[in-house]
Amino acid sequence: QVQLVESGGGLVQPGGSLRLSCAASGFPFPFSMYSMSWYRQAPGKERELVARIISGGGNINYVDSVKGRFTISRDNSKNTGYLQMNSLKPEDTAVYYCNARRPTSVVNYWGKGTLVTVSS
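Residues numbered from 1 in each chain as written. Predicted model: local features only at pLDDT ≥ 70, side-chain atom pairs only at ≥ 80, totals over all residues. Heavy atoms only, no water.

Caption draft 1: Region of the structure containing the sheet that holds strand E1 (residues 3-7). Pairing is antiparallel across the open sheet formed by 4 strands, whose spatial order is E1-E3-E8-E7. Looking at which strands have only one partner, the edges of the open sheet turn out to be E1 and strand E7 (70-75). Each strand axis lies, on average, 15 degrees off the axis of its neighbour in the sheet, ignoring direction. The pairing of E1 with strand E3 (residues 18-25) spans 5 bridges and is antiparallel. Residue pairing for E3: Val 5 is matched across the bridge by Ala 23. (Pairing = 2+ DSSP bridges. Helix = DSSP H or I, 4+ residues; strand = E, 2+ residues; numbered from the N terminus. Axes fitted to C-alpha atoms, helices over the stretch in contact; angles between N-to-C directions.)

Spelled out as structure tokens, the structure:
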């Protein structure tokens, strides 16, 4: 059974940091073959792409609002992806979801999300 399990969310003050993890298991192909993305959905808003790291790790993209503050990475030996979030702002408050997809497939795998709340 394919699973993506996010962890690391919580309550943090503005300017603080969090590191999200996404543990993958049960994939039909090696985890390294999957592009991995982080999305977020704030209350009353649509889900948006935050960051993506292409299979192989050579191509990384960020939404403009997090550039310079967030870093996406992956450890294929651990089947795990990460999102390091620094200088957090209240507008970063959202449920963060992990997504995995092989570039040649239309099948998307999603985690259940982890809540990040940035508030003083």
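That covers the picture; the talk isn't over yet.
Caption draft 2: Layout of the pattern of salt bridges. Enumeration over the complete set of coordinates arrives at 4 salt bridges. Of the charged contacts, one joins Asp 92 and Arg 40 as a salt bridge, the two residues approaching to 3.0 Å between their closest N and O atoms. Placement of Asp 92 in the loop between strand E8 (80-85) and strand E9 (94-101) and of Arg 40 in strand E4 (residues 35-41) is noted, with a sequence separation of 52 residues between them. For Arg 40, a relative accessible area of 7% puts it in the buried group. Between Asp 64 and Lys 67 there is a salt bridge, with its nearest N and O atoms 3.0 Å apart. Residue classification places Asp 64 among the exposed positions, given a relative accessible area of 60%. A network of salt bridges, in which partner residues are shared, links Arg 40, Glu 48, Arg 69 and Asp 92. (Salt bridge = Lys/Arg side-chain N within 4 Å of Asp/Glu carboxyl O. Buried < 20%, exposed > 50% of the residue type's maximum accessible area, 1.4 Å probe, protein only.)

Caption draft 3: Expanded view of the packing of aromatic side chains. Using the criterion set out here, one finds 5 aromatic pairs in the structure. Three or more aromatic residues link up through ring pairs in this structure, and these residues are Phe 27, Phe 31, Tyr 34 and Tyr 109. Stacked on the ring of Phe 29, the Lys or Arg Arg 102 has its end atom at 4.0 Å from the ring centre. (Phe/Tyr/Trp six-rings, centres within 6.5 Å; stacked < 30°, edge-to-face > 60°. Lys NZ or Arg CZ within 6 Å of the ring centre and 35° of its normal.)

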